[in-house]
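Listed below are the residues making up each chain.
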Amino acid sequence: MRFIIQRDRLVQSVQDVMKAVTSRTTIPILTGIKITASDDGVTLTGSDSDISIESFIPKEEAGEEIVEIKLSGSIVLQAKFFSEIVKKLPTDSVEIEVLGSLQTVIRSGKSEFNLNGLDAEEYPHLPQIEENNKFHIATDLLKTMIRQTFFAVSTSETRPILTGVNWKVENGELNCIATDSHRLALRKAKIETENNENYNVVIPGKSLNELSKIIDDSNELIDIVITENQILFKAKHLLFFSRLLEGNYPDTSRLIPNESKTDIIVNTKDFLHAIDRASLLAREGRNNVVKLSTIDSGVIEISSNTPEVGKVVEEIQSQAIDGEDLKISFSAKYMMDALKALEGTEIKVSFTGAMRPFVIKPLHDETTLQLILPVRTY
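Read on for an overview of the structure. Computed from a prediction, not measured in an experiment: that's the story for all the values here. (Residues numbered from 1 in each chain as written. Predicted model: local features only at pLDDT ≥ 70, side-chain atom pairs only at ≥ 80, totals over all residues. Heavy atoms only, no water.)

**Let's talk about the overall build of the chain**
Part 1 of the argument: Looking only at helices and strands, the chain features 6 helices and 29 strands.
Part 2 of the argument: In terms of overall dimensions, the chain has C-alpha extents of about 80 × 50 × 40 Å along its principal axes.
Part 3 of the argument: Taken over 378 residues, the chain has a buried fraction of 52%.
Part 4 of the argument: Counted over contacts in the chain with a minimum sequence separation of 6, partners at least 24 positions apart contribute 66%. (Helix = DSSP H or I, 4+ residues; strand = E, 2+ residues; numbered from the N terminus. Buried < 20%, exposed > 50% of the residue type's maximum accessible area, 1.4 Å probe, protein only. Contact = heavy atoms within 4.5 Å.)

Printed below as a string of structure tokens:
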């Protein structure tokens, strides 16, 4: 194998596939990156058996030559060393050549590295996915949907299914739901499906987070293919496979209250900043709890009291308060996570009592919802 390639394109592809490579694997060859040169260009692959990422660098793009293939072939190189080397090479072009017994030479300018390669035949094959069931979504919308849900997945392995985000596709709509049983994030959007298939799968939160770091903020469509145990995201020159979590996701629709006793409408930023300030003193205790109470004439009081540290009280003016008076306590961190995930200058918070879950939505937007369980403080 021998080819010459633009360094910047190589660095970008290496960074993308590195997101799937882990040092903590039981299969030694997966600590490497697989490089394959063919007549059309160069393909890099990284995998940790949960996530696999394949990045393709075409021979030429928009009339500009990116790779010059001298001899096709493939090799696996230690990801840790290869990625560091590529980033620090001195010139804009890199030559990679595999000599006998898997010795690999990387040349750039006056610099030359020799790396011991591994046999590419030993590298596990990527899942073969039949692409007859797929749907599309704009890349920037997908990134937004991931950002607005994935933070609410559980980090504890006691219920593995909750470490994933539940994706449901029905009637041309994609519903994404994440919950760690103390809070819930939901986002839905219209999508284009090719055949009105319904899906109900759970994608590891970690996979979605890595995916959103790699794909760019464009409105180009990304293809999504779902099979029994794998999901494939197909963007330009990029394939991202993730395994799906096994098991049934709990039915979360019952959790979301459909009536409320108290509704408040507030400015998102003012509310977020007030909660943030109140949490400054609450952080000391492990609870991080903030209290909210409604006062007459549309004023909301946000307060926190940590006996060994001190207390903080702040009043903010709401646009409107409807319904019964209310005193409720909740985790400041959960509230701030939820507020940061919502778009829009005003939000509506609907309470159904001091000990019932409450719902936060952007005003005039039915596609997004955050739900938080209150904290008992007495």
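After that view of the structure, there is still more to cover.
**Observations concerning the packing of helix α3 (residues 139-147) against helix α4 (residues 205-214)**
Part 1 of the argument: α4 packs onto α3 with a crossing angle of 140° between their chain directions and a minimal axis gap of 10 Å. Viewed along their axes, α3 and α4 adopt a mutual orientation that is oblique. Relative to α4, α3 is oriented so that their crossing is left-handed. For the pair α3 and α4, the contacting residues are Leu142, Lys143 and Ile146 in the first and Leu208, Asn209, Leu211 and Ser212 in the second.
Part 2 of the argument: Classifying every residue of the contact of α3 with α4 gives 4 nonpolar, 2 polar and 1 charged. (Axes fitted to C-alpha atoms, helices over the stretch in contact; angles between N-to-C directions. Parallel < 35°, antiparallel > 145°, perpendicular 65-115°, else oblique. Left-handed = near helix turned anticlockwise from the far one by under 90°. Nonpolar A, V, L, I, M, F, W, Y, C, P; charged D, E, K, R; others polar.)

**Brief notes about the sheet that holds strand β10 (residues 103-108)**
Part 1 of the argument: Pairing within the open sheet is antiparallel, and its 5 strands lie in the order β7-β1-β9-β10-β11. Where the open sheet ends on each side, the last strands, each with one partner, are β7 (67-71) and β11 (111-116). When the angles between neighbouring strand axes are averaged without regard to direction, this sheet yields 15°.
Part 2 of the argument: One ladder, built from 4 bridges, connects strand β9 (residues 93-98) with β10; its direction is antiparallel. Among the inter-strand pairings, Glu97 is bridged to a residue of β10, identified as Val105.
Part 3 of the argument: Where helix α1 (residues 7-18) meets the sheet, it contacts β1 (2-6) and β9, and its direction lies at approximately 95° from that of β1. (Pairing = 2+ DSSP bridges.)

**Examining the pairing of strand β18 (residues 221-226)**
Looking along a regular strand, one sees the side chains alternate between the two faces of the sheet.
Part 1 of the argument: Here β18 lies mainly inside the structure; 5 of its 6 residues are buried.
Part 2 of the argument: Direction of pairing for strand β12 (residues 134-138) relative to β18: antiparallel, over a ladder of 5 bridges. Pairing of Ala138 across the sheet is with Leu221, part of β18.
Part 3 of the argument: Taken together, the 4 bridges between β18 and strand β19 (residues 230-235) define a ladder with antiparallel strand orientation. By the bridge assignment, Val225 is partnered in β19 with Leu232.
Part 4 of the argument: Following β18, the chain reverses through 3 residues before pairing antiparallel with β19.

**Considerations on the sheet that holds β19**
Part 1 of the argument: Taken in spatial order, the 9 strands line up as β8-β2-β3-β4-β20-β19-β18-β12-β16 in an open sheet, and their pairing is antiparallel. Only two strands of the sheet have a single neighbouring strand rather than two, namely β8 (73-78) and β16 (192-193).
Part 2 of the argument: Bridge count between strand β4 (residues 51-58) and strand β20 (residues 238-243): 5 bridges; the pairing is antiparallel. Paired with Ser52 across the two strands is Phe241, which belongs to β20.
Part 3 of the argument: Packing against the sheet, α3 makes contact with β12, β18 and β19, and its axis sits at approximately 85° to β12.

**As for the packing of aromatic side chains**
Part 1 of the argument: The tally for this structure, following the rule as stated, stands at 5 aromatic pairs.
Part 2 of the argument: Aromatic side chains Phe135 and Tyr199 sit 6.2 Å apart centroid to centroid with 40° between the ring planes, which places their arrangement in the tilted category. On the criterion of sequence distance, the pair formed by Phe135 in strand β12 and Tyr199 in strand β17 (residues 199-204) is long-range, its members being 64 residues apart.
Part 3 of the argument: When its relative accessible area of 1% is taken as the criterion, Phe135 is described as buried.
Part 4 of the argument: Of the residues examined, Tyr199 reaches a relative accessible area of 13% and is grouped as buried.
Part 5 of the argument: Between Phe351 and Phe358, the ring centres sit 5.0 Å apart and the planes meet at 40°, which makes this aromatic pair tilted. Just as Phe351 is buried, Phe358 falls in that class too.
Part 6 of the argument: Here the aromatic residues Trp167, Phe233 and Phe240 are joined through ring pairs into a cluster of three or more. (Phe/Tyr/Trp six-rings, centres within 6.5 Å; stacked < 30°, edge-to-face > 60°.)

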